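Next come the chains, spelled out residue by residue.
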Amino acid sequence: MMVSLNLQPPASNKTPASSDEKVPTAEELEAMSSKDRRKWKRKLEALEAEKTNVDVTEFREAKKQKAVDEEAEAKAAAEAEESKKPNPYIVFVGQLSYKTTASQLLDHINTKLPSLTESTPTIRLLTSPSGKSRGMGFVEFKENPEDMYMMLTLHHTELDGRRINVERTSGGRGPAKAARLSAFRESQASLMVSTCAKIIEERLESGDVKDGELDEGVISLLKRHSSNVVEQAFTEYVEMRGEGLKNPSSYLTSIVTRISKEGVEAR
C-alpha cells in the first residue's frame, strides 16, 4: 500500500495502533452501525500505516488523493471513449494549486517546452459542482505522441508553489487498466532515475563532482526529482560551494529542497 500511494517512511511521528483486537470481516463491518464502521476504518488505516512505517495522517491523505485521481482518470477515459476522438494523447496533471487556471498551465507548458509541435493542446481542468477547481486536469495532444512524452518531463516541476504530478492516463477499466497505469508509472519513475544517474555521471566525467563526494542520501533525493531540478541544483552547487566545504551532501540537499519548493526559475 505504501508503494502504491507513493509514500516515504518518516523518521518519526508514527501513529501507534494496537493489533491485539480481532479485525472484523467485511461482512461484520457491513453489519455495524455507520459510527462503528468509521471507527474501525480509522483503526485499520492506523494499523496499515504503522506496518509500513508511515505517518497515519499522511497515509490517509495519500489514500484519499489516490482515490480522487483514479476516479478522475476513469471519468476522463470514459469521456474520451464516448467522444471517439482520433489518436488522443492525454496526460493527467495533478497536485495543481486550486488557483491555477488553464491559461496559466498552458503558459507553464509552453515556457518549459518551447519545442512542442502543438503549442495549444486542449486543457481541461476538473471542477466541483460549485465550479471550484479540484486541483487536477488533463492535457490532450491530438497530433503528435512525442509532444505527450515531452509533457511527461514536467513531472514534479514547480507551478504556483506546487510540485505538480504529470502522468500518462490509461483507458479502459478494471484490472487491465490498473496494470497499464502501474506499468506507466513504473516506466516514468525508472526514466527519472536513469536521467538523474546520467546527469551525475556527466558531472563526474567533467570533474565538477568528485567520486565519493556525495553520499547515498542526497543521491536518492535527486532521483525523486525532475531533470530540471537536478540540473539547476548541480549548477548552483558547483558555482557556490567554494573550497573546504565540510558537508557537501547537506549543502546540495538544501539547494534541491529550495528549488523544489520555489521552482527552477528561482535563482
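Refer to the structure above for everything that follows.
Worth saying up front: this structure is predicted, and the values here are computed from it rather than measured.

Enquirer: I'd like a rundown of the overall build of the protein, residues and numbers included.
Expert: Along the backbone of the protein there are 9 helices and 6 strands. The long-range share in the protein, meaning contacts at least 24 apart out of those at least 6 apart in sequence, stands at 65%. Accessible surface, the protein as shown: approximately 15800 Å² in total, 51% of it carbon and sulfur.

Enquirer: Let's hear about the pattern of salt bridges: which residues, and what values?
Expert: Taken as a whole and assessed by the stated rule, the structure comprises 4 salt bridges. Between Glu70 and Lys66 there is a salt bridge, with the nearest N and O atoms lying 2.8 Å from each other. Of this pair, Glu70 and Lys66 both sit in helix 3 (residues 56-83), separated by 4 residues, roughly a single helical turn. Its relative accessible area of 31% is what places Glu70 among the partly exposed residues. According to the relative accessible area criterion, Lys66 is partly exposed, its value standing at 24%. A salt bridge links Arg203 to Asp208; the nearest nitrogen and oxygen atoms lie 3.0 Å apart.

Enquirer: Account for the sheet that holds strand 2 (residues 122-127), naming residues and giving values.
Expert: Working definition: the strands of a sheet are paired by backbone hydrogen bonds and lie parallel or antiparallel to each other. Here 4 strands make up an open sheet; going across it, the order is 2-3-1-6 and the pairing antiparallel. Each edge of the open sheet carries a strand with a single partner, namely strand 2 and strand 6 (165-168). Averaged over all adjacent pairs, the angle separating strand axes in this sheet is 25°, with direction ignored. Across 4 bridges, strand 1 (residues 89-94) lies against strand 6 in antiparallel orientation. Paired with Gly94 across the two strands is Asn165, which belongs to strand 6. Packed on one face of the sheet, helix 4 (residues 102-112) meets strand 2 and strand 3 (133-141) and runs near 135° to strand 2.

Enquirer: Pulling in residues and values, what's your account of the packing of aromatic side chains?
Expert: This model, assessed by the stated rule, comprises 2 aromatic pairs. Judged by centre distance (6.1 Å) and plane angle (40°), the rings of Tyr237 and Tyr251 are tilted. Placement of Tyr237 in helix 8 (residues 227-240) and of Tyr251 in helix 9 (residues 248-262) is noted, with a sequence separation of 14 residues between them. Given a relative accessible area of 0%, Tyr237 falls into the buried group.

Enquirer: Mind laying out the pairing of strand 2, listing which residues take part and the relevant values?
Expert: Note that strand 2 and strand 3 share 5 bridges and pair antiparallel. Bridged to Ile123 within strand 3 is Val139. Hairpin connection, strand 2 to strand 3: the antiparallel pair is bridged by 5 residues, and Gly131 has positive phi, about 95°.

Enquirer: Could you give an account of the environment of Thr57, naming the residues involved and the relevant values?
Expert: With respect to the helices and strands, Thr57 occurs in helix 3. A residue is classified by how much of its surface remains accessible, and Thr57, at 48% relative accessible area, is partly exposed. For the pair Thr57 and Glu45, spaced 12 residues apart in the sequence, the C-alpha separation amounts to 9.4 Å.

Enquirer: Account for the nonpolar core, naming residues and giving values.
Expert: What tends to happen in soluble globular proteins is that the nonpolar side chains get buried as a cluster. If you look at the biggest cluster of nonpolar residues, it comprises 19 residues, and the most contacted ones within it are Val91, Leu105, Ile109, Val139, Phe141, Met151 and Val166. Sorting the residues of this core by element identifies strand 1, helix 4, strand 3 and helix 5 (145-151) as the ones contributing at least two each. Residues within four places of Leu105 in sequence aside, it is in contact with Leu96, Thr100, Ile123, Leu125, Val139 and Leu159. Judged by nonpolar contacts, the second largest core, of 18 residues, contains Val209, Ile219, Ala233 and Phe234.

Enquirer: Residue-level account of unusual backbone geometry, with values.
Expert: Backbone geometry places Gln95, a non-glycine residue, at a positive phi of 60°. With respect to the element layout, Gln95 can be found in the loop between strand 1 and helix 4. Phi is positive for Asp160, which is not a glycine, with a value near 55°. Within the secondary structure layout, Asp160 lies in the loop between strand 4 (158-159) and strand 5 (162-163). Taking the relative accessible area as the measure of exposure, Asp160 reaches 41% and is therefore partly exposed.

Enquirer: How would you summarise a positive patch on the surface if you had to cite specific residues and measurements?
Expert: Together, Lys35, Arg37, Arg38 and Lys39 line one region of the surface with positive charge. Arg38 sits in the exposed class, given a relative accessible area of 53%.

What counts and how
- Residues numbered from 1 in each chain as written.
- Predicted model: local features only at pLDDT ≥ 70, side-chain atom pairs only at ≥ 80, totals over all residues.
- Heavy atoms only, no water.
- Helix = DSSP H or I, 4+ residues; strand = E, 2+ residues; numbered from the N terminus.
- Contact = heavy atoms within 4.5 Å.
- Areas by Shrake-Rupley, 256 points an atom, 1.4 Å probe, with all protein chains shown as cover.
- Salt bridge = Lys/Arg side-chain N within 4 Å of Asp/Glu carboxyl O.
- Buried < 20%, exposed > 50% of the residue type's maximum accessible area, 1.4 Å probe, protein only.
- Pairing = 2+ DSSP bridges.
- Axes fitted to C-alpha atoms, helices over the stretch in contact; angles between N-to-C directions.
- Phe/Tyr/Trp six-rings, centres within 6.5 Å; stacked < 30°, edge-to-face > 60°.
- Core = buried A, V, L, I, M, F, W, Y, C linked by side-chain atoms within 4.5 Å.
- Patch = residues over 30% accessible without salt bridge, like charges linked within 9 Å, V, L, I, M, F, W, Y side chains within 5 Å.
- Lys, Arg positive; Asp, Glu negative; His and termini not counted.
- Charge placed at Lys NZ, Arg CZ, Asp CG, Glu CD.

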